[in-house]
Amino acid sequence: MITVLEPSAQMSLNFHNVAAAIEGVAESKFRDKSELSSTITVERIGRLELLLVENATKHVDPEFAWSALWCVRSAGHVFHAQDRWEKPTTQSAVVMTPGLIYLFDSRKPHWTTNGASVLVCAGEEFNERVGVDTVHQAFDQKLQSLHGNWPRILEGRKDRAKSIPH
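Attention in this report is confined to the structure presented alongside it. Throughout, a residue's number is its position along its own chain's written sequence, starting from 1. This being a predicted model, a pLDDT of at least 70 is required before a residue's local features are given, and a value of 80 or more before pairs of side-chain atoms are given or counted; all residues contribute to the totals for chains, interfaces and linings. Each side-chain value is derived from all of the structure's non-hydrogen atoms; neither hydrogens nor water enter the calculation.

1. Let's talk about the side chain of His110
Now for step 1: Its location among the elements puts His110 in strand 8 (residues 110–113).
Now for step 2: Looking at His110, the relative accessible area reads 4%, which means it is buried.
Now for step 3: Side-chain polar atoms of His110 contact the backbone oxygen of Lys108, separated by 2.8 Å.
Now for step 4: Among all residues touching His110, those that are not within four sequence positions of it are Thr57, Lys58, His59, Val60, Asp61, Phe79, His80, Ala81 and Phe104. For helices the rule is a DSSP run of H or I covering at least 4 residues; for strands it is a run of E covering at least 2, with both sets numbered from the N terminus onward. Throughout, exposure labels follow a simple rule: accessible area from a 1.4 Å probe, protein chains only, divided by the maximum for the residue type, with under 20% read as buried, over 50% as exposed, and the rest as partly exposed. Polar contact is defined as a pair of N or O atoms within 3.5 Å, subject to the rule that within protein one atom must be able to donate a hydrogen and the other to accept it, and that residues adjacent in sequence are counted only when both atoms are side-chain atoms. Two residues form a contact once any of their heavy atoms are found within 4.5 Å.

2. Examining the layout of surface pockets
Now for step 1: Of the pockets and cavities examined, the largest pocket occupies roughly 320 Å³.
Now for step 2: Lining the largest pocket are 22 residues, with Ile40, Leu51, His59, Asp61 and Leu69 positioned closest to its centre.
Now for step 3: Taken together, the elements giving at least two residues each to the lining of the largest pocket come down to strand 3 (48–53), strand 4 (66–73), strand 8 and strand 9 (119–126).
Now for step 4: Looking at the lining of the largest pocket residue by residue, the classes come out as 13 nonpolar, five polar and four charged. A 1.4 Å probe that fits but cannot get out identifies a cavity on a 1 Å grid over protein atoms alone, an open set with protein on both sides within 12 Å along at least five of seven lines counts as a pocket, and a residue lines either if it has an atom within 4 Å of a point. Grid points are joined across faces, edges and corners, and a volume is the space filled by probe spheres set on the points. For this classification, the nonpolar set comprises Ala, Val, Leu, Ile, Met, Phe, Trp, Tyr, Cys and Pro, the charged set comprises Asp, Glu, Lys and Arg, and every other residue, Gly included, is treated as polar.

3. What to know about the sheet that holds strand 5 (residues 78–82)
Now for step 1: For two strands to count as paired, DSSP must find a minimum of two bridges between them. Taking strand neighbours across the sheet as the criterion, the three strands line up as 6-5-8 in an open arrangement whose pairing is antiparallel. The two strands at the open ends of the sheet, each matched to only one other strand, are strand 6 (91–95) and strand 8. Averaged over neighbouring strand pairs, the angle between their axes works out to 20° when direction is ignored.
Now for step 2: In the sheet, strand 5 pairs with strand 6 via five bridges, with the strands oriented antiparallel. Within the sheet, the bridge partner assigned to Val78 lies in strand 6 and is Val95. All axes here are fitted lines through C-alpha atoms, helices being fitted over the stretch that makes contact, and every angle between N-to-C directions spans 0 to 180 degrees.

4. Things to note about the pattern of salt bridges
Now for step 1: Any carboxyl oxygen of Asp or Glu that lies within 4 Å of a side-chain nitrogen of Lys or Arg is treated as forming a salt bridge with it. Within this structure, the stated rule accounts for four salt bridges.
Now for step 2: A salt bridge links Arg73 to Glu23; the shortest N-O distance between them is 3.0 Å. Here the residue Arg73 occupies a position in strand 4, and Glu23 occupies one in helix 1 (residues 9–31), the gap between them amounting to 50 residues.
Now for step 3: Relative accessible area serves as the criterion here: at 13%, Arg73 is assigned to the buried category.
Now for step 4: Here Asp105 and Arg107 are joined by a salt bridge, their closest N and O atoms 3.0 Å apart.
Now for step 5: A relative accessible area of 13% means that Asp105 is categorised as buried.

Below, the structure is given as structure tokens:
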């Protein structure tokens, strides 16, 4: 139900830049629990879409068939998926590890538990089940668009994190 993938070389090289760019915003949101709780907040770094949540409640995403989540930040979060809402016959759960990718059918119930802080994942959606090369290509293209801009992005994110009220 949940396929765990290794990141591409490009993703591995950019991992710390992405994590650093979102860290201040994630910490600010965690300090203001009223803004986060089980609501998924979307932040963008260029074309890269990052999802922030403390613990996502059980839900489905009917707009797209398959999702890949590249875990950027996790604090013991367990990612769960099951084949149907009631009386599931198949269930899956994995501890989310920063750097790894989680591919799953987003039309099926999925959620997170156990998070001690803010979970941050870069997300990518697909119309059908895809292989590892397609997942890597989707994330790599978005990361490539940020190439050479990291110093400016990191400085801007640092300023933005300071301006978020605590």
